[in-house]
Amino acid sequence: MDEIIIYTDGGCSGNPGPGGWGIVVIADGIAKQLSGGDPQTTNNRMELSAAIAALSVVKNTPAFAGRKVIVNIDSQYVKNGITVWINGWKAKGWKTADKKPVKNQELWIQLDELNSMLDVEWKWVKGHAGVEYNEICDQLCKKEMDKFKK
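Residues numbered from 1 in each chain as written. Predicted model: local features only at pLDDT ≥ 70, side-chain atom pairs only at ≥ 80, totals over all residues. Heavy atoms only, no water.

## Examining the overall build of the chain
Turning to step 1, where the next piece is worked out: When its secondary structure is counted, the chain shows 4 helices and 5 strands.
Turning to step 2, where the next piece is worked out: Ordering the α and β elements of the chain from the N terminus gives β-β-β-α-β-α-α-β-α.
Turning to step 3, where the next piece is worked out: A compact globule built from 150 residues would reach a C-alpha radius of gyration of about 15 Å, and the chain, at 15 Å, matches this within 12%.
Turning to step 4, where the next piece is worked out: Along the first, second and third principal axes, the C-alpha set of the chain runs to 45 × 45 × 25 Å.
Turning to step 5, where the next piece is worked out: Looking at the chain as a whole, 47% of its 150 residues are labelled buried.
Turning to step 6, where the next piece is worked out: Partitioning the contacts of the chain with sequence separation of at least 6, the portion at a separation of at least 24 is 68%.
Turning to step 7, where the next piece is worked out: A total accessible area of about 7,800 Å² is found for the chain, and carbon and sulfur atoms account for 52% of it.
Turning to step 8, where the next piece is worked out: Of the side-chain charges in the chain, 19 are positive and 18 negative, and the distance between the mean point of each set is 6 Å. (Helix = DSSP H or I, 4+ residues; strand = E, 2+ residues; numbered from the N terminus. Rg over C-alpha atoms; globule rule 2.2 N^0.38 Å. Buried < 20%, exposed > 50% of the residue type's maximum accessible area, 1.4 Å probe, protein only. Contact = heavy atoms within 4.5 Å. Areas by Shrake-Rupley, 256 points an atom, 1.4 Å probe, with all protein chains shown as cover. Lys, Arg positive; Asp, Glu negative; His and termini not counted. Charge placed at Lys NZ, Arg CZ, Asp CG, Glu CD.)

In structure tokens:
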């Protein structure tokens, strides 16, 4: 069985401000694009929303069951959060190293649940560096943001 390759991006115009996210899920020779947005959000919430949406697609597609998932993401915040920081946050009752509540906790809980159900490898890619599918995600993101601009 072939791997499922995912690209994600999220962002907003102003922080907070109108936001969007975009994903590309590549499996079995098909690249499916999805996007969404929020009229008032933050960049980090949109990056997390993109990752959650992408892993939800995998989890909810029976043909993808048991397949390795590679997530290419340009957000160090999400990559480090899900691969390094989250275990400490959970051990400390969802507090950061400086004892403050973890921001976006409800999104981190969703992402952690999906991540733990799947065989996921997280890879960081440089944003705005000509990586084809990352650029497509960025365009999807901007289209979503534009829906909320007056």
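## Brief notes about the nonpolar core
Turning to step 1, where the next piece is worked out: Counting 32 residues, the largest nonpolar core has Ile6, Leu55, Trp108, Leu111 and Trp122 as its most contacted members.
Turning to step 2, where the next piece is worked out: Mapped by element, the contributors of at least two residues to this core are strand 1 (4–12), strand 2 (17–27), helix 1 (43–59), strand 4 (68–73), helix 2 (76–91), helix 3 (105–117) and strand 5 (119–124).
Turning to step 3, where the next piece is worked out: Among the elements that line this core, the one with the most residues is helix 1, at 9 residues.
Turning to step 4, where the next piece is worked out: Judged by nonpolar contacts, the second largest core, of 6 residues, contains Tyr7, Ile26, Ile136 and Cys137. (Core = buried A, V, L, I, M, F, W, Y, C linked by side-chain atoms within 4.5 Å.)

## Section: unusual backbone geometry
Turning to step 1, where the next piece is worked out: Geometrically, the link from Asn15 to Pro16 is a cis peptide bond, its omega value of 15 degrees lying close to zero.
Turning to step 2, where the next piece is worked out: On the secondary structure map, Pro16 appears in the loop between strand 1 and strand 2.
Turning to step 3, where the next piece is worked out: One non-glycine residue with positive phi stands out, namely Asp28, at about 55 degrees.
Turning to step 4, where the next piece is worked out: Positionally, Asp28 belongs in the loop between strand 2 and strand 3 (30–41).
Turning to step 5, where the next piece is worked out: Phi angles above zero are rare outside glycine, and Lys99 is one such case at about 65 degrees.
Turning to step 6, where the next piece is worked out: Take Lys99: it is sitting in the loop between helix 2 and helix 3.

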